[in-house]
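What the coordinates show
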Amino acid sequence: LDIAHNPPALAALAAKLRAEGVREPVIVAGLSRDKDLASVISTLLQITPLSRLYFVEARHPRAAPTALLSAIAEDISRGGDGILEPAVVNALVEQAAAEGRGDVAAGLGLALEAAAAQGAPVVVCGTVFIMSDVRRALGVREPRDSDVLTGSLGSHMKDMQEYFRDASAGGSSAA
């Protein structure tokens, strides 16, 4: 389990895997929507092929839907840049909202089955918001935060990112 969720952290994870002799692991990844998903997924695809990449969705407001992550990965695998048209992104996000959150345990289960069949190790990485669900699915028993607290963690980040972006551009968001 590793919370690598951006290209530099994933590059470090890839180096560690190579140093340990791990090639083309099965990867389970959950990401937040506010990240550079194309860059992150491109980095994941440098570690393992698309056929060994399983996306899951955290139970968190910032979670990226698995359908969106899969569409980006498929585009990159076909030689695209992973930058989808806004209408496509919006449709995938709306579809995910209507269907409900993906099940981390189910995605992990599929990855574990594939890894067993291929004799490959499993690496779980990405947002910290998937890790408690992953640990629970693996049978690790630990104290948990309430769903109310979990749902509110990080919800202020978008506003803070906008504040820092405006401040670094010489403006100020302070009223």
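Residues numbered from 1 in each chain as written. Predicted model: local features only at pLDDT ≥ 70, side-chain atom pairs only at ≥ 80, totals over all residues. Heavy atoms only, no water.

So, helix H3 (residues 66-77)
Selection rule: A run of H or I in DSSP becomes a helix once it reaches four residues, and a run of E becomes a strand once it reaches two; helices and strands are each numbered from the N terminus. To estimate how far a helix should reach, multiply one less than its number of residues by 1.5 Å. Three labels apply to residues, based on accessible area from a 1.4 Å probe with only protein chains included: buried if under 20% of the type maximum, exposed if over 50%, partly exposed otherwise in between. Between two residues, a contact is recorded if the distance between any of their heavy atoms is within 4.5 Å.
The end-to-end C-alpha separation of H3 is 16 Å, in line with the 16 Å expected for twelve residues at 1.5 Å each. For H3, the set of buried residues is Leu68, Leu69, Ala71, Ile72, Ala73, Asp75 and Ile76. Buried residues belonging to H3 abut helix H2 (37-47), strand S2 (53-55) and helix H4 (86-99). Where H3 terminates, the next one or two residues include Gly79, which has phi positive at roughly 95 degrees.

Some points on H4
If you check H4, its first and last C-alpha atoms are 20 Å apart, about what 14 residues at 1.5 Å a residue would give, namely 20 Å. Trailing H4 by a residue or two, Gly100 shows a phi angle of about 95 degrees, which is positive.

Section: the packing of H3 against H4
Defined as follows: Note on definitions: angles span 0 to 180 degrees between N-to-C directions of axes, and those axes are lines fitted to C-alpha atoms, for helices only across the stretch in contact. Polarity classes work like this: nonpolar for Ala, Val, Leu, Ile, Met, Phe, Trp, Tyr, Cys and Pro, charged for Asp, Glu, Lys and Arg, and polar for all others, with Gly in that last group.
Following both chains from N to C, one finds H3 and H4 inclined at 145 degrees, their axes separated by 8 Å at the closest point. The residues of H4 that touch H3, namely those facing Ala67, Leu68 and Ala71, are Val89, Leu92 and Val93. For the contact of H3 with H4, the class distribution of residues is six nonpolar, no polar and no charged.

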